[in-house]
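Observations on the model geometry
Now for the letters of each chain:
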Amino acid sequence: MDSWVRFLFLVACFLPALVECRVRNYKFNVVFKNSTKLCSTKPIVTVNGKFPGPTLYAREDDTVLVKVVNHVKYNVSVHWHGVRQLRTGWADGPAYITQCPIQPGQNYIYNFTLTGQRGTLLWHAHILWLRSTVHGALVILPKRGVPYPFPAPQKEVVVVLAEWWKSDTEAVINQALQSGIAPNVSDAHTINGHPGPVPACPSQKGYTLPVESGKTYLLRIVNAALNEELFFKIAGHKLTVVEVDATYVKPFKTETILVAPGQTTNVLLTTDQNSGKYLVAASTFMDSPIAVDNLTATATLHYSGTLSSTPTNVTKMPLINATQVANGFINSLKSLNSKKFPATVPLKIDHHLLFTVGLGVNPCPTCKAGNGSRVVASINNVTFVMPTTALLQAHFFNISGVYTTDFPANPPITFNFSGAGPTNMQTTNGTKVYRLAYNSTVQLVMQDTGMIAPENHPVHLHGFNFFQVGRGLGNYNATTDPKNFNLVDPVERNTIGVPTGGWVAIRFRADNPGVWFLHCHLEVHTTWGLKMAFLVDNGKGPNQSLLPPPKDLPKC
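Since the structure is predicted, the reported quantities are computational estimates derived from the model, not experimental observations.

1. A closer look at the overall build of the protein
Helix and strand content of the protein: 5 helices and 33 strands. In terms of overall dimensions, the protein is globule-like: its C-alpha atoms have a radius of gyration of 23 Å, near the 24 Å expected for 556 residues. Across its three principal axes, the protein shows a C-alpha extent of roughly 65 × 60 × 50 Å. Taken across its 556 residues, the protein has 60% of its residues classed as buried. If you take every contact in the protein between residues at least 6 apart in sequence, the share linking residues at least 24 apart comes to 79%. Carbon and sulfur atoms make up 53% of the accessible area of the protein, which totals about 22,100 Å². Of note, the protein has its 45 positive side-chain charges centred 4 Å away from the centre of its 31 negative side-chain charges.

2. Observations concerning the nonpolar core
One finds Val68, Trp80, Tyr110 and Leu391 to be the most contacted residues of the largest nonpolar core, which totals 46 residues. Non-local contacts of Val68, meaning those with residues more than four positions away in its chain, are made with Phe28, Val30, Val76, Val78, Ile102, Gln106, Asn107, Tyr108 and Tyr110. Core analysis: the second largest hydrophobic core is formed by 43 residues, Val157, Ile191, Leu209 and Ala297 among them.

3. Remarks on a nonpolar patch on the surface
A cluster of nonpolar side chains, contributed by Phe396, Phe397 and Ile399, occupies part of the molecular surface with about 260 Å² of accessible area. Within the fold, Ile399 resides in the loop between α4 (391–396) and β24 (428–430).

4. Quick notes on the packing of aromatic side chains
For the structure on display, the rule yields 26 aromatic pairs. Here Phe252 and Phe329 contribute two aromatic rings whose centre-to-centre distance is 5.9 Å and whose plane-to-plane angle is 55°, an arrangement assigned as tilted. Taken as a pair, Phe252 in strand β15 (residues 247–254) and Phe329 in helix α3 (residues 323–332) lie far apart in primary sequence, 77 residues in all. Owing to a relative accessible area of 14%, Phe252 belongs among the buried residues under this scheme. Geometry around Trp164 places Lys37 over its ring, the cationic atom sitting 5.4 Å from the centre. The ring of Trp164 has Lys42 sitting right over it, with the charged end atom 4.7 Å from the ring centre.

5. Thoughts on the sheet that holds strand β7 (residues 119–125)
The strand order β3-β8-β7-β5 describes an open sheet built from 4 strands, whose pairing is mixed. Each edge of the open sheet carries a strand with a single partner, namely β3 (56–59) and β5 (78–81). Recorded for the sheet is a direction-independent mean angle of 20° between the axes of neighbouring strands. Pairing analysis gives 6 bridges linking β7 to strand β8 (residues 135–141), with the strands arranged antiparallel. When the bridges of β8 are listed, Leu121 appears paired with Leu138.

6. Remarks on the pattern of salt bridges
Enumeration according to the criterion identifies 11 salt bridges in this entry. Across the pair Arg24 and Asp62 runs a salt bridge whose closest N-O atoms are separated by 2.6 Å. Of the two residues, Arg24 sits in strand β1 (residues 23–37) while Asp62 sits in the loop between β3 and β4 (63–70), which places them 38 residues apart along the sequence. Assessed through its relative accessible area of 23%, Arg24 is described here as partly exposed.

7. Side note on unusual backbone geometry
A cis amide bond, omega -10°, links Phe51 with the succeeding residue Pro52. Looking at where Pro52 falls in the secondary structure, it is placed in the loop between β2 (40–47) and β3. Located in the positive-phi region is Tyr96, a residue other than glycine, with phi close to 70°. Of note, Tyr96 is situated in the loop between β5 and β6 (107–113).

8. Quick word on the pairing of β8
A large share of β8 lies buried, amounting to 7 of its 7 residues. The pairing of β3 with β8 spans 4 bridges and is parallel. Across the sheet, the residue bridging to Arg59 is Leu141, located in β8.

Parameters at a glance
- Residues numbered from 1 in each chain as written.
- Predicted model: local features only at pLDDT ≥ 70, side-chain atom pairs only at ≥ 80, totals over all residues.
- Heavy atoms only, no water.
- Helix = DSSP H or I, 4+ residues; strand = E, 2+ residues; numbered from the N terminus.
- Rg over C-alpha atoms; globule rule 2.2 N^0.38 Å.
- Buried < 20%, exposed > 50% of the residue type's maximum accessible area, 1.4 Å probe, protein only.
- Contact = heavy atoms within 4.5 Å.
- Areas by Shrake-Rupley, 256 points an atom, 1.4 Å probe, with all protein chains shown as cover.
- Lys, Arg positive; Asp, Glu negative; His and termini not counted.
- Charge placed at Lys NZ, Arg CZ, Asp CG, Glu CD.
- Core = buried A, V, L, I, M, F, W, Y, C linked by side-chain atoms within 4.5 Å.
- Patch = residues over 30% accessible without salt bridge, like charges linked within 9 Å, V, L, I, M, F, W, Y side chains within 5 Å.
- Salt bridge = Lys/Arg side-chain N within 4 Å of Asp/Glu carboxyl O.
- Phe/Tyr/Trp six-rings, centres within 6.5 Å; stacked < 30°, edge-to-face > 60°.
- Lys NZ or Arg CZ within 6 Å of the ring centre and 35° of its normal.
- Pairing = 2+ DSSP bridges.
- Axes fitted to C-alpha atoms, helices over the stretch in contact; angles between N-to-C directions.

In structure tokens form, the structure reads like this:
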């Protein structure tokens, strides 16, 4: 396989008149590396020894090949978050959904094409809690000669936000699963791998972003955190939002952006000060009474010519429960909807789906801390059970007994969803998918429930982008709420927040055959079972069928 890849690459490079050089080769060595933060050292799982991991660069329509070699004791898989993976579901990455994981000592080449996509995405591990340190940015530049639909920046900077635990994250979640209660929250947040000074470790260094006065910088901001939505702000500067989740938006200025786990936001930063040092900060947003890591990560925007001893200009971050700030940002996002980048919102809908998302409580005789119960999560009261054979393999090879296609289109029980909920909070367990015909259109309303506690759920759909056509508080009303839908220029995303005690409505076209994961991107909720999958059948056309699996696809 490697020699074949090199041959293709050489052909592409030496025949520029015939074909643009567009095969990008990367190698990911998954290895342990000791890392010191918060005045303590621990071994972490990394790609190529880096935290965050390396940024992948490519251009729209390039083919990317990433050879992942597993040198650690855990099974590994890597997801290319937001990549459409048209007909190449085998390269999507979620373990036991589209592939069996890469076992210790084994390797796998992820092979995919960035068809019609440009912007900032991310990659991360998609098994266990490894993505806490196994993650990085994926930058897709426009085709050569194609400008951005906004003023060209003089420089581009990747900014990866994440969380840091002093303990081993696998031990954190394993202990929680044994006890039946929530896992410990992280000990700090990081900006490009650095928390900045914190009370428990005032000597902790922060990230420094050097800038020159009078220039425009494009910041590609990625939230790779496991469990927390984050506000992001730079003292003394406004940010112009131009893109989210690798889709262009109508530009608008703001002091604060909100980015949920799995989401990306591109902003233009104009360095309109003469000199100085300015605080860059990331802090948690949580408008529900749930324990979070409330430490603010800090970095420094450092103008050239400014002495290091110069005091840093600070900024006041929004309150942790600043729902108004969060909603103000979310409601400002609109698709660019230009002639070149139209918003192709489905207007005729084949499947009207209503999914409740939230928590529950199931019996667990061994869970002493949970008094014989464990906290779980569900969609339409189904707590998803991970299979031991990948769903995509079971679908492609017609292996029976792995999943059923009876995932409910509506909640099995109707109640006051945004209220306290029923007294019986038990869920059903199952490995269920919802089947869609190729090219059918879907409207999916996701409704938060108040069972245990209402909470904002950032939900990610693999294999597709979708349009957020509506959003509101309380219970979704199928008669009145659609009258207020935005079907002209709704924001297009791959990860969307279901608001606390509210609902969000999305639309998409099922034009990608395969099995596609839908799950909360708060890792604790995914672990607890807030996940399901769509099975999209092949179409009838020549390019409407799932391609056969590669020969090196890992075996379970």
